[in-house]
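Structural features, examined
Read off the chains here:
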Amino acid sequence: LGNVAALALSGFLLGRRTKWFFFFALFVLAANILLTFTDQFGFFDLTTLVLDLVLFAILISIRKQYLSVP
């Protein structure tokens, strides 16, 4: 439930276009990617990993929108 709350909060805060919220979202995704490997790896873990990597790549690709804001 904590992971769901952190991801939901990240998605909500990204709408404010602040660089600190951008870094928070990157941190949550990076932590989620790392924690995926700490348990037995199965189909749901692979699905989660792929989704997290796609979201991470999207955030990296739009980073200029968040980092250019004062």
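Anything mentioned here points back to the structure above.
Here's what I pulled together on the structure shown here. Computed from a prediction, not measured in an experiment: that's the story for all the values here.

Here we take up the nonpolar core. Membership of the largest hydrophobic core is limited to 7 residues, which are Leu14, Phe22, Ala25, Leu26, Leu29, Leu59 and Tyr66. Ranked by residues supplied to this core, first place goes to helix H2 (residues 19-36) with 4 residues. Not counting residues up to four positions away in its chain, the partners in contact with Leu59 are Leu14, Phe22, Ala25, Leu26 and Leu29.

Before going further, it helps to examine the packing of aromatic side chains. By the definition in use, this model includes 5 aromatic pairs. Where Phe22 meets Tyr66, the ring centres are 5.3 Å apart and the plane angle is 15°; that geometry is what we call stacked. Of this pair, Phe22 sits in helix H2 while Tyr66 sits in helix H4 (residues 63-67); the two residues are 44 residues apart in sequence, bridging distant segments of the chain. Each member of the pair, Phe22 as well as Tyr66, carries the same accessibility label: buried. A centroid spacing of 5.8 Å and a plane angle of 10° characterise the contact between Phe37 and Phe41, whose relative ring orientation is stacked. Taking relative accessible area as the criterion, Phe37 reaches 52% and is therefore assigned exposed. Overall, the relative accessible area of 44% leaves Phe41 in the partly exposed class. Put simply, the rings of Trp20, Phe22, Phe23 and Tyr66 touch in pairs and so form one group of aromatic residues.

With that settled, consider H2. Helix length check: H2 (18 residues) gives 26 Å between terminal C-alpha atoms against 26 Å at 1.5 Å per residue, within 8%. Within the sequence span of H2, burial applies to Phe22, Ala25, Leu26, Val28, Leu29, Asn32, Ile33 and Thr36. On an axial view of H2, the arc spanned by its buried residues comes to 160°, and they lie on one face. Turned more than 90 degrees off the buried face of H2, the exposed positions are Trp20, Phe27, Leu34 and Leu35. On its buried face, H2 sits against helix H1 (2-14), helix H3 (43-61) and H4.

This brings us to H3. Under the 1.5 Å per step criterion, the end-to-end length of H3 is 27 Å for 19 residues, consistent within 8% with the ideal 27 Å. Looking only at H3, the buried set comprises Leu49, Asp52 and Leu59. The arc enclosing the buried residues of H3, seen along the axis, measures out at 95°, which places them on a common side. Exposed residues pointing more than 90 degrees away from the buried face of H3 are listed as Phe43, Leu51 and Ser61. Where H3 is buried, its residues meet H1, H2 and H4.

Cut-offs applied
- Residues numbered from 1 in each chain as written.
- Predicted model: local features only at pLDDT ≥ 70, side-chain atom pairs only at ≥ 80, totals over all residues.
- Heavy atoms only, no water.
- Core = buried A, V, L, I, M, F, W, Y, C linked by side-chain atoms within 4.5 Å.
- Buried < 20%, exposed > 50% of the residue type's maximum accessible area, 1.4 Å probe, protein only.
- Helix = DSSP H or I, 4+ residues; strand = E, 2+ residues; numbered from the N terminus.
- Contact = heavy atoms within 4.5 Å.
- Phe/Tyr/Trp six-rings, centres within 6.5 Å; stacked < 30°, edge-to-face > 60°.
- Expected span 1.5 Å × (residues − 1).
- Arc of directions from axis to C-beta.

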